[in-house]
Amino acid sequence: MKKIVIILFSVLIFSACHESLEDRAAREAKEYTQRYCPTPVNNFTRTDSVVFEKPTRTYHYYCTFSDKLDDAKIINVNRSQIREGLLKGIKESTDIKAYKEAGFIFEYTCRSAKNPSQILFDDKFSEKDYH
């Protein structure tokens, strides 16, 4: 009887401390931003922050394009290649496997380094895109 009580108590304790996937995503996005952002520029792109938006279950990357990519005409001409590259990264990433399995949305908003109020690229990827 004592063992049953201990087992039940342990189950209650562990389930009470269990973090939801949405809470985990929000925490990890915040920790990544605090630890690494802004990232160094790589391929003319810098990640400024990552945010998880619970109401829409969206993992949102905010980036800045610089140098050669900081041009709306170049972005518009290469929009499909940029989209395919981002989608490939989502599909191949093992770090976000649990989020993909849960059907989260991944969004990328990329601004101009020269004119930060200008959004050069914004796109969302849902489960139908990456599965």
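For the structure itself, consult the block above.
Can you lay out the pairing of strand 1 (residues 45–53) for me, pointing to particular residues and giving the numbers?
Relative to strand 2 (residues 58–65), strand 1 runs antiparallel, the two being bridged by eight bridges. If you follow Glu53 over to strand 2, its bridge partner there is Thr58.

Break down the pattern of salt bridges for me, with residues and values.
Per the stated rule, a full pass over the model turns up 10 salt bridges. In this structure, Glu31 and Arg27 form a salt bridge, with 3.3 Å as the shortest nitrogen-oxygen distance. On the criterion of helical spacing, the pair formed by Glu31 and Arg27 is a turn pair, its members being four residues apart in helix 2 (residues 21–36). A relative accessible area of 28% means that Glu31 is categorised as partly exposed. Looking at Arg27, the relative accessible area reads 33%, which means it is partly exposed. With its nearest N and O atoms 3.3 Å apart, the salt bridge here joins Arg83 to Asp129. Within this pair, whereas Arg83 is found in helix 4 (residues 79–92), its partner Asp129 is found in helix 6 (residues 127–130), the two being separated by 46 residues in sequence. Its relative accessible area of 21% is what places Arg83 among the partly exposed residues. Assessed through its relative accessible area of 16%, Asp129 is described here as buried.

So, how was this worked out
- Throughout, residues of each chain are indexed from 1 in the direction in which the sequence is written.
- The predicted origin of the model limits local features to residues at a pLDDT of at least 70 and limits the giving and counting of side-chain atom pairs to 80 or more, whereas totals for whole chains, interfaces and linings rest on all residues.
- Only hydrogens and water are removed before side-chain values are computed, so all heavy atoms of the structure are retained for them.
- DSSP bridges decide pairing: two strands pair if at least two such bridges lie between them.
- Working definition: helices are DSSP H or I runs of at least four residues, strands are E runs of at least two. Numbering for both runs from the N terminus.
- By convention in these notes, a salt bridge is any Lys or Arg side-chain nitrogen within 4 Å of a carboxyl oxygen on Asp or Glu.
- Burial status follows relative accessibility: with a 1.4 Å probe on protein chains alone, a residue under 20% of its type maximum counts as buried, one over 50% as exposed, and anything between as partly exposed.

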